[in-house]
Amino acid sequence: MKPTDIKNPDYFHKVVDCQWACPAHTPVPEYIRLIAHGRYSDAYMINWKSNVFPGILGRTCDRPCEPACRRSRVEDETLVKGKKEPVAICRLKRVAADFKDDEGIKASMPKAPEKNGRRIACIGGGPASLTVARDLAVLGYEIVIYDQDPKLGGFIRTQIPHFRLPESVIDEEVGYITDIGNIEFRHKKIDSMKAVLAEGYDAVFVGSGAPRGRDLDVPGRKEAAANIHIGLDWLSSVSFGHISKVGKRVIVLGGGNTAMDCCRTARRLGGEDVKVIVRSGFEEMKASPWEKEDAMGEDIPILNMLVPKEVTHNDGRITGVLFEKVKAEYDAKGRRSLIPSGEPDQHFECDDVLVAIGQENAFPWIEADAGVEFDKWGLPKLNEQTFQSTEPKVFFGGDAAFGPKNIIWAAAHGHDAAISIHKMLSGENPEERPAPGVNIVSQKMGIHEWSYDNAPTIDHRLKVPHRAKKEALKDIMTEVELGFDVKLAFKEAQRCLNCDVQTVFTGQLCIECDACVDICPMDCITFTDNGEEKDLRTRLLAPALNPTQDIYIGNDLKTGRIMAKDEDVCLHCGLCAERCPTGAWDMRKYYMEMTNAEHACRKH
């Protein structure tokens, strides 16, 4: 095999999995180290540059980074058999937001320069539009954000319950963006794309979300309509204070995070007997595992493999829902079908039904002749790299682009769309995407001193403190999660394996003493003859069984052999570098920052 180029971003991609699993590519190990050092404001600003909403995401993110965390791989395979516990990356993000210097952060936020004469319209005031506004306002663009709601935030504000996300956090982080300058908010519902284009905007960004919840289509639905509510609309009505109570017996249909928000909200509005009923199995539910745990922790049962068959009612007053019991069958290609199990139907009495069975996009305001084409699913036809539609001036992002996802994806879309808009209006090709900024720095301070700390232990993931259930259920505005305090945050941050601090091997300095092999706690270093990768993987001291993870190869050894290191299990603990008598091993921090609109064009 050829020696590995440690400077190659693709290699870094495969080693620092948490950063690349995050759609916004947040430098996760870097901000966790800063938290461990008590530098909360610095950690916050690193997050703010990439994911825009640290305090919001630190409470609500779907955590795509955590399944990729190397800690869970290492613990599962070597230290804590059968138990996967990634670092609490998401909740550490909240730590940076909770303990930052608020005044210092305000002072360090960028301010818009003089207007450059270009105007951008953002339709929808959610996270995607806000990200576009933030990235382009600092370049002098005049941004006008339209939203039908009286405050910016989109579904962050209207559909995430305040017991999960306090409104003060939303106000603060939205305020950081609007305070940049050059950003105007217009409380207005847009009903014509052609009218917006006619106003002479240089570009239009559509970040209107997926605002329509899917409805239930069974007998009795129309007759009992007064007590059957679309979950998204119901949550919005609760958020704006239009709904303040619910029946004592509530059925929530659906297995996603919206369903979890609905059932927990219903408990706080008077629901005593609240059930979640799902057509799939428990493990197949789309809701995040921690969302399901939180719901069940509030005495909400989740009943699975039940398909609604009929809404029962008495003269239009709902009495319950009849369900058919189903089971899953799989064909030869692994495709699932739900078929009747043959068991008797089940009837559950209720006073209200909340329907949370999915969302879909709705663009009735975009005329057929506005130049924006849609596919058979009602989604805009986009260049998936640039987010540009078939009307060159119109870009999409967030749920409006490819269907419902989450906040971190919306922010990532906003960054990419802002780059595309800026390049287009600068006369450049939006498809030519900027390369990330890369910096590699040795962490050695002395012969046996390093500028980072890495002591892999079997410390378990720490639980985030919660408010007592009885107290939490009293008030819909009372935040349930209390967050880590400083001591807990430090302990959890210490679990990070600093995967961005790379082992770098210089074969010309190696004397092949095997000291690194002897001290390696994971048996992941092997000196052997070179060969084809498939064969080489079987000849390592500990066979490298994960073909998706690169092997780090170093050559130029005097004997002609190679050094092979299995990156799948390497802890980046630095013991090899500390033990090496010749300095053939070094530990270097590989910091990569994704380029945003400010640095996207050649003239910048």
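Reading guide: rules and limits
- Residues numbered from 1 in each chain as written.
- Predicted model: local features only at pLDDT ≥ 70, side-chain atom pairs only at ≥ 80, totals over all residues.
- Heavy atoms only, no water.
- Helix = DSSP H or I, 4+ residues; strand = E, 2+ residues; numbered from the N terminus.
- Rg over C-alpha atoms; globule rule 2.2 N^0.38 Å.
- Buried < 20%, exposed > 50% of the residue type's maximum accessible area, 1.4 Å probe, protein only.
- Contact = heavy atoms within 4.5 Å.
- Arc of directions from axis to C-beta.
- Polar contact = N/O pair within 3.5 Å; in protein donor to acceptor, adjacent residues only side chain to side chain.
- Pairing = 2+ DSSP bridges.
- Axes fitted to C-alpha atoms, helices over the stretch in contact; angles between N-to-C directions.
- 1 Å grid on protein atoms, 1.4 Å probe; cavity = no way out; pocket = protein on both sides within 12 Å on 5 of 7 lines; lining within 4 Å.
- Points joined across faces, edges and corners; volume = space filled by probe spheres on them.
- Nonpolar A, V, L, I, M, F, W, Y, C, P; charged D, E, K, R; others polar.
- Salt bridge = Lys/Arg side-chain N within 4 Å of Asp/Glu carboxyl O.
- Lys, Arg positive; Asp, Glu negative; His and termini not counted.

**Student:** Go over the overall build of the chain, please, and point to the residues and values.
**Tutor:** A tally of regular secondary structure across the chain gives 22 helices and 24 strands. Since a compact globule built from 604 residues should have a radius of gyration of about 25 Å, the 27 Å found for the chain is in line with a globular shape. With respect to the principal axes defined by its C-alpha atoms, the chain has extents near 90 × 65 × 50 Å. A total of 604 residues make up the chain; the buried ones form 55% of that total. Contacts spanning at least 24 positions in sequence make up 72% of the contacts within the chain whose residues lie at least 6 apart.

**Student:** Tell me what's going on with helix α19 (residues 486-493), and back it up with residues and numbers.
**Tutor:** One full turn of an α-helix is made of 3.6 residues, so residues set three or four places apart face in the same direction. Along α19, the residues classified as buried are Ala-489, Glu-492 and Ala-493. Relative to the axis of α19, the buried residues are bounded by an arc of 100° and lie together on one face. For α19, exposure combined with an orientation more than 90 degrees from the buried face picks out Lys-487 and Lys-491. Buried positions along α19 lie against α3 (28-36) and α7 (89-99). The distance from a side-chain oxygen at the start of α19 to the backbone nitrogen of Lys-487 is 3.2 Å, and the residue carrying that oxygen is Asp-485.

**Student:** Just give me the short version of the sheet that holds strand β23 (residues 562-566), but keep the residues and values in it.
**Tutor:** A sheet is described by the order of its strands in space; here three strands give the open sequence β21-β23-β22, paired in antiparallel fashion. With one partner strand each, in any of the chains shown, β21 (525-528) and β22 (551-554) form the two edges of the open sheet. Taken pair by pair, the neighbouring strands of this sheet meet at an average axis angle of 25°, ignoring direction.

**Student:** With reference to specific residues and values, describe unusual backbone geometry.
**Tutor:** Comment: phi is negative for the bulk of residues other than glycine, and the bulk of peptide bonds are trans. With a phi close to 55°, His-25 is a non-glycine residue in the positive phi region. Inspection of the secondary structure assignment puts His-25 in the loop between α2 (17-21) and α3. Positive phi outside glycine occurs at Glu-512, with the angle close to 55°. In this structure, Glu-512 sits in the loop between β20 (501-505) and α20 (515-519). With a relative accessible area of 15%, Glu-512 lands in the buried category.

**Student:** Residue-level account of empty space enclosed by the protein, with values.
**Tutor:** By the definition in use, this model includes five cavities of 30 Å³ or more. Approximately 130 Å³ is the volume found for the largest cavity. Lining the largest cavity are 13 residues, and of these Arg-59, Arg-91, Arg-164, Asp-294 and Glu-481 lie nearest its centre. Counting only elements with at least two residues in the lining of the largest cavity, the list comes to α7 and α15 (289-297). Of the residues forming the lining of the largest cavity, the biggest block, three residues, is contributed by α15. Its residues placed into classes, the lining of the largest cavity shows three nonpolar, one polar and nine charged.

**Student:** With reference to specific residues and values, describe the sheet that holds strand β8 (residues 273-277).
**Tutor:** Spatially, the five strands line up as an open sheet ordered β6-β14-β7-β8-β9, and their pairing is parallel. Here the strands that pair on one side only, and so sit at the sheet edges, are β6 (228-230) and β9 (302-303). Running over the sheet, helix α14 (residues 257-268) touches β7 (249-253), β8, β9 and β14 (352-355) and is turned about 175° from β8.

**Student:** Please set out the pairing of strand β1 (residues 119-123) residue by residue, giving values where relevant.
**Tutor:** For β1, a buried count of four out of five residues is recorded, marking the element as mostly surrounded by other parts of the structure. In terms of strand pairing, β1 meets strand β2 (residues 142-147) through five bridges, oriented parallel. Bridge assignment links Cys-122 to a residue of β2, and that residue is Ile-145. Two elements, β1 and strand β4 (residues 203-206), share four bridges in a ladder whose sense is parallel. If you follow Ala-121 over to β4, its bridge partner there is Val-204.

**Student:** Tell me about the pattern of salt bridges, and please be specific about residues and values.
**Tutor:** In total, this model carries 48 salt bridges according to the counting rule given. The partner of Glu-172 in a salt bridge is Lys-100, with the nearest N and O atoms 3.2 Å apart. With Glu-172 in helix α11 (residues 167-178) and Lys-100 in the loop between α7 and α8 (102-108), this pair connects stretches of sequence that are 72 residues apart. Taking the relative accessible area as the measure of exposure, Lys-100 reaches 7% and is therefore buried. The residue Asp-171 makes a salt bridge to Arg-157 at a minimum N-O spacing of 2.9 Å. Here the residue Asp-171 occupies a position in helix α11, and Arg-157 occupies one in helix α10 (residues 155-158), the gap between them amounting to 14 residues. Asp-171 sits in the partly exposed class, given a relative accessible area of 34%. For Arg-157, a relative accessible area of 5% gives the class buried.

**Student:** Provide a residue-level description of the environment of Ser-389, including the pertinent values.
**Tutor:** Here Ser-389 is to be found in the loop between β15 (359-360) and β16 (394-396). For the pair Ser-389 and Ala-401, spaced 12 residues apart in sequence, the C-alpha to C-alpha distance is 9.5 Å. Discounting chain neighbours no more than four positions away, the residues touching Ser-389 are Val-372, Lys-381, Leu-382, Val-394 and Phe-396. At a separation of 3.0 Å, a polar atom in the side chain of Ser-389 contacts the main-chain carbonyl oxygen of Glu-391.

**Student:** Outline the side chain of Asp-135, listing residues and values.
**Tutor:** Within the element layout of this structure, Asp-135 appears in helix α9 (residues 127-137). Setting aside chain neighbours within four positions, we find Asp-135 in contact with His-415, Ala-418, Asn-596 and Ala-597.

**Student:** Account for the pairing of β8, with residues named and values stated.
**Tutor:** A large share of β8 lies buried, amounting to four of its five residues. Where β7 and β8 come together, five bridges link them in parallel fashion. Within the sheet, the bridge partner assigned to Ile-251 lies in β8 and is Lys-275. The sheet contact formed by β8 and β9 spans two bridges and is parallel. Paired with Val-276 across the bridge in β9 is Ile-302.

**Student:** Would you mind going over the side chain of Glu-142 in detail, with residue names and values included?
**Tutor:** Relative to the helices and strands, Glu-142 resides in strand β2. Within the buried core, Glu-142 has no salt-bridge partner, and the shortest N-O distance to an opposite charge, that of Lys-115, equals 4.0 Å. Beyond its immediate chain neighbours, meaning those up to four positions away, Glu-142 contacts Lys-115, Arg-118, Arg-119, Ile-120 and Asn-182.

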